[in-house]
Amino acid sequence: MARMKFLCDAERCIECNSCVTACKNEHEVPWGINRRRVVTLNDGEPGERSISVACMHCSDAPCMAVCPVDCFYQTSDGIVLHNKDLCIGCGYCFFACPFGAPQYPQSGNFGSRGKMDKCTFCAGGPEEDNSAAEFKKYGRNRIAEGKLPICAEMCSTKALLAGDGDIVSNIYRERIVGRGFGSGAWGWGRAYPAGTSG
Amino acid sequence: MLRKKIGAVANGPRLSTAFEEVAEGTISRRTFLKRSGLVAGALGTAATFSAGRVQKAQAADSDSKVELIKSICTNCSVGCTVMAEVQNGVWIGQEPGFDSPFNLGAHCAKGAAAREAAHGERRLKYPTKLVDGKWKRISWEEAINEIGDKLQDIKKTSGPDSVYWLGSAKHNNEQAYLFRKFYAFWGSNNGDHQARICHSTTVAGVANTWGYGAMTNSYNDIHKSKCMILFGSNPSEAHPVAMQHLMKAKESNNAPLIVCDPRFTRTAAKATEHVQMRPGTDVALVWGILWHIFENGWEDKEYIRQRVWGLNYIREEVAKWTPEETEKVTGVPGGQLKRVARTLANNRPGTLIWCMGGTQHTTGNNNTRAYCILQLALGNIGKTGGGANIFRGHDNVQGATDFCVLSHSLPGYYGLKKGSWQHWARVWDVDYDYLKGNFASEKLMQSKGIPVSRWIDGVLEDKANIDQPDNVRGMVFWGHAPNSQTRGVEMKKAMEKLDLLVVVDPYPTVSAVMHDRKDGVYLLPATTQYETYGSVTASNRSLQWRDKVIDPVFESLPDHTIMYKFAKKFGFEDQMFKHIEVNDDEPLIEDVTREFNKGMWTIGYTGQSPERLKAHMKHQHTFDRTTLQAKGGPLDGEYYGLPWPCWGTADIKHPGTPNLYDPSKPVAEGGLCFRNRFGLKSPDDWGGENLLADGSYPVDSEIKDGYPEFTMAMLKKLGWDKDLTDEERTFIEGLAGDKTNWKVDLTGGIQRVAIKHGCAPFGNAKARTVVWNFPDPIPVHREPLYTNRRDLLDKYATYADKQAYRLPTRYASIQANDYSNDYPIILTSGRLVEYEGGGDESRSNPWLAELQQDMFVEINTSDANDIGIRDSEMVWVETPEKSRIKVKAMLTERVGQGVAFLPFHFGGHFQGKDLRSKYPTGSDPYVLGEAANTAMTYGYDSVTQMQESKVTLCKITRA
């Protein structure tokens, strides 16, 4: 059984934001809601690295653990989804999430929260696959169409990978071997502060 | 830890009904925007048009089939395939174009948001004119009649040169060609497009070095590079998908990536070496690198002996650029440049990439030639993995340049001489005298028109100083953002002085609002390229065929249809479209392709018939992703997109030329040598030396040495004329007999026979490093007009003022003034990944606009603290010509001390004033901001009139 994962190769991510707009385009996500964001560290300085972040579809997802109305569920592929009909927009999952994935519409002056929205790994929601109702609430269900998340498929430098964890890690491993020792691993610079890579 | 993992679906609906409205709010952008107040000001004006064309949910209800249609992204020149999902004529989604060898499914932010063009909420929706300061909707018929009458009136009273036809790199090839033809029939050379302000110095510099002015290799060929050096190029933001190919070389070949840029760009962040020089010192930097190469004997001596002329003169100049002198001028330490030189020498073949950072200078042509010389010295040109990989900007700026939507040439770089006009008159099947009759005089017909960079001077300059009968009085912006041009304050004046201002564009553009006119402005809605079809030339010279994704939205019309309507109004449609089928005012694109196939012999746009191009799009997946060559399948052996030169007629099935000047293949299979373009001998002042190649020739050449370009006389001398068919011979004899050359033989016979014998039709010569007919034959460093390095002016002063392209052009008279005390900071400009060009289209795309909502200036933290500016504060940036813009301060180490940077895509604010209310209702872009070029100052290249938008001086103060 596949276990779906994202991986962002920080050696390749150039902060072009194609993952962000591809997602907006695919799911017609409104202004102000960002299921995916590119985060840049050390912006403008040597050691600058960018990484694209969305829901990581955790195995032991903190959002699921804390939701008071139990609106989350995990598919057999390991994708964490939620039911917007159940969601009360409390924002507790936002507390719990280590990645800042949950998003809320900002309606009104005080940003009163509506239903939570987040990355679905392009897998829709509880409604019938590829139905209009599903599209309206969650966006397109590419997984049901046999496709992978659009953000990764359209990544300009193939930095963002998505799919079955085994395949993703094989692709990444091959890349690391091709690159040579050390250079590609995230956190390398932290482990060896003198180096500038990673 | 509490765990509540649920297998399939969460518990059933509970609060759903109560929150239904809110839930909808999360998904409908229109509803959301209305509620959020985030785009206030834009909201009250929301269009009444239905966005149904693109509502996926609505289309999804239907069972009809989803079609996949291939188009090409309309942003940069990489040429990414856009796969559009279309259902019931509605563009419902985008899929990755994995089959394309250029992008392999990838997009940047702009390509991934391409579908928004079809939503078009902020598009210009119908023909509109300004009446007493208010926008008024009119019909197409009224628009064409009123504008046509006014233009004809200007022509009658001031001559055809008083109307300026400003074309576009956003036109496809067919439209670009028709546009060039259009203003030839109108009777003026006052037409141009963005290439003038983007890579004109490249085309001039590179073509004058080795024959053609284009990118020599391809993005994909970089896979084979052992080293990459970039000058003033930031592909991470300007050509993001190109980075995929650079990364491939970096990772697979362990190729060093050297970025020479005054800023620590997002590309520099991925580099192995960042060379941070003072803006405007490219020649000094290149000579500083070359100094080490010559000093250590790292140049490729055999290559130079065979294929390069004049390097001894360059050596003399380079000898002056010792590490000390180089550091004094560029600020780059000698030790670093020695390391760079050694890296280049040890990792061959290496590619050299440059963009606007190198071209947009008063010395732009010197820069581009210096880059070429560096590559020639290393022996890197004409090799796979090497080359001068000049990344062009817009999607079809290469094509529009090739069709010479320019003020100084006819399609195919034929020039403006009588013979050039006669060639095209033959292709167009019209009399030379007929064409001449449309011009004010034969002299003006053969003299360069005003370049786009100077149109404002064409309006404002005293009539007595202009080499044409009258000032420019009518201006047609046909797909051009005015905020991409410098001297915004003077441009506003020029716009106000015009009799007539016409904008033909999918968006109103800044041209609609930056002036204070009350009337005499017309806005005509053109379609985007997704609403029409035709060919487009990527930076690597490959042509790709776009299919039409959707029908034109609102009342917009394709550009070629609008051209036909105007031609009809002016009464030359029968002559202009003599051999082009026209249906319901729309010229048949395929007929236009076939027509230019008949005339573009110089650069080999002759073999790319519509049928071949369509087949390439269909069989994209059969092409190798590194070599671009088809392996097996129906197109076996051909190169993707038939990169020009694709010699001869389509019948001879030339595969296209993947890498220019590469003699390792036969010419018939895409090989080449340097072009014989500058005569057989250098002038006596320059040694009177033989310019033909010495012992280097493409594989299988029957002439095992250099040779001149082919003529009928040469064929006869070689005894090869017997290979001509009777038909070919008859045409050649009838044209100019022995003098007929490979460029004007409309049968393609001379080319065919030359190639049959393994020869390049354009001859086989050496590249020249000294361009004796340029202001600086040997590229030299000259300080920018606005420089704060007054200490360098003794040695590196600029040119004397002169007359060029019909206009007085200033150099020394500006540099003579010292502004460095009042304006201490160097100001430069560049791109952001989310936006493109003037940004009217991309700032109207909410998916992109959301990501960059404020115009800003990057200031070094230390400078900011000295001035007393905090991050995100509003500041005034003022330049020596007293124009100023109000922008947000961004404190960063990205720019060095003493340098500030502006992105140039914003518009809609002018010197502190928000112009949103001036846009036609519902057509204001989501994001407005000050245009960088409002503040950018005077300065033009000495050969091409390229604008100087990369170096000026400024002062920054708190607003």
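Since we're looking at a predicted model, the values are computed, not measured. (Residues numbered from 1 in each chain as written. Chains lettered and ligands numbered in written order. Predicted model: local features only at pLDDT ≥ 70, side-chain atom pairs only at ≥ 80, totals over all residues.)

1. Things to note about the overall build of chain B
From N to C terminus, chain B includes 34 helices and 32 strands. On the principal axes, the C-alpha backbone points of chain B span a range of 90 × 75 × 65 Å. Out of the 959 residues in chain B, the part that is buried amounts to 63%. Expressed as a percentage of contacts within chain B between residues at least 6 apart in sequence, the contacts between residues at least 24 apart total 73%. (Helix = DSSP H or I, 4+ residues; strand = E, 2+ residues; numbered from the N terminus. Buried ≥ 20, exposed ≤ 12 C-beta atoms within 10 Å, placed from the backbone. Contact = placed C-beta atoms within 7 Å.)

2. What about the overall build of chain A?
The helix and strand inventory of chain A stands at 7 helices and 6 strands. When the helices and strands of chain A are listed from N to C terminus, the series reads β-α-β-β-α-β-β-α-α-α-β-α-α. Counting the 198 residues in chain A, one finds 51% classified as buried. The long-range share in chain A, meaning contacts at least 24 apart out of those at least 6 apart in sequence, stands at 52%.

3. What about the sheet that holds strand β29 (residues 908-910) of chain B?
Two pairing modes exist for strands in a sheet, parallel and antiparallel, and in both the strands are linked by backbone hydrogen bonds. Residues and elements named next belong to chain B. Strand order across the open sheet formed by 3 strands is β30-β29-β31, with mixed pairing between neighbours. If you trace the sheet from one side to the other, it starts and ends with β30 (913-914) and β31 (929-930), each paired once. Both β29 and β31 contribute to a ladder of 2 bridges, which runs parallel. Bridged to H909 within β31 is E930. (Pairing = 2+ DSSP bridges.)

4. What to know about the packing of helix α10 (residues 282-295) of chain B against helix α12 (residues 311-318) of chain B
Residues and elements named next belong to chain B. Relative to each other, α10 and α12 sit at 110°, their axes nearing to 9 Å. In terms of their interaxial angle, α10 and α12 are classed as roughly perpendicular. Of the residues in α12, those in contact with W287, L290, W291 and F294 of α10 are R315, E317 and V318. The class makeup of the residues in the contact of α10 with α12 is 5 nonpolar, no polar and 2 charged. (Axes fitted to C-alpha atoms, helices over the stretch in contact; angles between N-to-C directions. Parallel < 35°, antiparallel > 145°, perpendicular 65-115°, else oblique. Nonpolar A, V, L, I, M, F, W, Y, C, P; charged D, E, K, R; others polar.)

5. With respect to the sheet that holds strand β2 (residues 81-87) of chain B
Residues and elements named next belong to chain B. Reading across the sheet, the 3 strands line up as β1-β2-β3 and stay open at both edges, with antiparallel pairing between neighbours. Unpaired on one side and paired on the other, β1 (67-72) and β3 (90-96) mark the two borders of the sheet. Neighbour-to-neighbour, the strand axes of the sheet open up by a mean angle of 35°, direction not taken into account. Alignment of β2 against β3, held across 6 bridges, turns out to be antiparallel. Note that in β3 the partner of V82 across the bridge is P96.

6. Topic: unusual backbone geometry
Across the junction of B:R348 and B:P349, the peptide omega takes the value 0°, indicating a cis bond. Positionally, B:P349 belongs in the loop between α14 (334-346) and β12 (350-354). Here B:W644 and B:P645 are connected by a cis peptide whose omega angle stands at 0°. By secondary structure assignment, the location of B:P645 is in the loop between α26 (610-618) and α27 (712-718). Backbone geometry places A:K158, a non-glycine residue, at a positive phi of 60°. Considering the arrangement of structural elements, one finds A:K158 in the loop between α5 (150-153) and β6 (160-164). A tally of 20 C-beta atoms within 10 Å means that A:K158 is categorised as buried.

7. Considerations on the confidence of the model for chain A
With 86% of its residues at a pLDDT of 70 or more, chain A shows a mean pLDDT of 88. Contacts of residues 192-198 of chain A to residues separated by more than four positions or lying in other chains number 14 contacts, the stretch itself having pLDDT below 50. (pLDDT = per-residue confidence, 0-100.)

8. Considering the environment of A:F95
All names here are of chain A. Along the chain, F95 turns up in helix α3 (residues 92-96). For F95, a count of 11 C-beta atoms within 10 Å corresponds to the exposed category. Each C-alpha atom, one on F95 and one on R12, is 30 Å from the other, the two residues being 83 residues apart in sequence.

9. Considerations on the pairing of β3(B)
For β3(B), the buried fraction is high: 6 of the 7 residues fall into the buried class. In textbook terms, the turn of a hairpin is the stretch between consecutive antiparallel strands, and for β2(B) and β3(B) this stretch comprises 2 residues, one of which, B:N88, has a positive phi near 55°.

10. Looking at the pairing of strand β8 (residues 227-231) of chain B
Residues and elements named next belong to chain B. Counting buried positions along β8 gives 5 out of 5 residues, so the element sits mostly inside the fold. Here β8 shows two buried faces, one formed by C227, I229 and F231 and the other by M228 and L230. Inspection of the sheet shows β8 paired to β12 by 5 bridges, in the parallel sense. If you follow L230 over to β12, its bridge partner there is I353. Where β8 meets strand β9 (residues 257-260), 4 bridges bridge the pair, whose relative direction is parallel.

11. Structural notes on the packing of α10(B) against helix α16 (residues 364-378) of chain B
Residues and elements named next belong to chain B. At a closest axis distance of 9 Å, the pairing of α10 and α16 adopts a crossing angle of 15°. Here α10 is positioned roughly parallel relative to α16, judged by the angle of their axes. The element α10 and its partner α16 pack so that their crossing is left-handed. Where α10 approaches α16, its residues D282, V283, V286, W287, I289, L290 and I293 are matched on the opposing element by N366, N367, A370, Y371, L374 and A377. (Left-handed = near helix turned anticlockwise from the far one by under 90°.)

12. Description of the nonpolar core
Looking at soluble globular proteins, one finds that nonpolar side chains tend to be buried together. Core analysis: the largest hydrophobic core is formed by 324 residues, its most contacted members being A:L160, B:M228, B:I258, B:L374, B:V857 and B:A900. Per element, the largest residue contribution to this core is 9 residues, and it comes from α10(B). Apart from the residues lying within four places of it in its own chain, the contact partners of B:L374 are B:V286, B:I289, B:L290 and B:L352. (Core = buried A, V, L, I, M, F, W, Y, C linked by C-beta atoms within 7 Å.)

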